Amino acid sequence: MYYGFDIGGTKVALGVFDKQRRLQWETRVPTPRDSYDAFLDAVCNLVTEADQRFGIKGSVGIGIPGMPETEMITEAVRIKEKGLRGVKLHPDIQDFLLDDPHMFALYRMCEKELDLPILFHCGDARYDRSSPQRLAHVLDSFPELSVIGAHFGGYSQWEQAYA
């Protein structure tokens with residue numbers, strides 16, 4: 001089973017899909033507006049509800065948009081404490097270089113202390129922030145970091161991702 005979230009300004013929706021990507025169940029709750037903790041609680045509660053309904057443990061990543069290094073680490077720790085199972089980063093949208101040394105403290109923390117995988121959106125040829133070469137640099141620098149390269153690491157840069 002696969003869990004998919006649609007997080008918007010008015011609702012947080014969860015869809016659960018089978019291996020053929022057929023929708024098996026969906027639910028939604030209003031997007032909490034009072035605090036980030038309330039938002040994380042809403043996501044955790046939806047995951048718990050789906051886990052119990054289907055008797056499995058789902059995986060969820062939460063993006064950490066454009067924060068200073070110390071705040072990113074604090075948020076990664078909170079994600080782990082809340083029982084979420086990964087971090088999602090989108091360099092092109094969040095406006096950072098995937099292999100920017102300022103991100104290395106977060107990567108090291110996820111690799112060595114938190115044991116959290118990171119899902120990177122990568123390989124959009126319109127930008128240089130998430131190129132396959134940048135992803136390769138991160139993989140070389142953090143060999144024990146669990147990384148998921150969305151779009152097979154290439155999106156619109158297949159030849160570079162293949163190399």
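Residues numbered from 1 in each chain as written. Predicted model: local features only at pLDDT ≥ 70, side-chain atom pairs only at ≥ 80, totals over all residues. Heavy atoms only, no water.

## A word on the overall build of the protein chain
Scanning the protein chain from N- to C-terminus turns up six helices and seven strands. The order of helices and strands in the protein chain, counted from the N terminus, is β-β-β-α-β-α-β-α-α-β-α-β-α. Every one of the 163 residues in the protein chain was classed for burial, and the buried ones make up 42%. (Helix = DSSP H or I, 4+ residues; strand = E, 2+ residues; numbered from the N terminus. Buried < 20%, exposed > 50% of the residue type's maximum accessible area, 1.4 Å probe, protein only.)

## Comments concerning the packing of aromatic side chains
On inspection of all chains with the given rule, the structure shows five aromatic pairs. Look at Phe104 and Tyr107: their rings are 6.1 Å apart centre to centre, the planes differ by 40°, and that puts the pair in the tilted class. On the criterion of helical spacing, the pair formed by Phe104 and Tyr107 is a turn pair, its members being three residues apart in helix α4 (residues 104–114). Tyr107 carries the same exposure label as Phe104, and that label is buried. (Phe/Tyr/Trp six-rings, centres within 6.5 Å; stacked < 30°, edge-to-face > 60°.)

## Looking at helix α1 (residues 36–54)
Taking 1.5 Å of rise per residue, the 19 residues of α1 would be expected to cover 27 Å, and the 27 Å separating its terminal C-alpha atoms lies within 8% of that figure. Among the residues making up α1, those that are buried are Ala38, Phe39, Leu40, Ala42, Val43, Cys44, Leu46, Val47, Ala50 and Asp51. Directly after α1, the chain includes Gly55, whose backbone phi takes a positive value near 65°. (Expected span 1.5 Å × (residues − 1).)

## Re the pattern of salt bridges
Counted according to the given criterion, the structure contains seven salt bridges. Between Lys82 and Asp41 there is a salt bridge, with the nearest N and O atoms lying 2.5 Å from each other. Linking Lys82 in the loop between α2 (69–81) and β5 (87–89) with Asp41 in helix α1, this pair joins segments that are 41 residues apart in sequence. Its salt-bridge partner being Arg85, residue Asp51 comes within 3.5 Å of it at the nearest N-O pair. On the criterion of sequence distance, the pair formed by Asp51 in helix α1 and Arg85 in the loop between α2 and β5 is long-range, its members being 34 residues apart. (Salt bridge = Lys/Arg side-chain N within 4 Å of Asp/Glu carboxyl O.)

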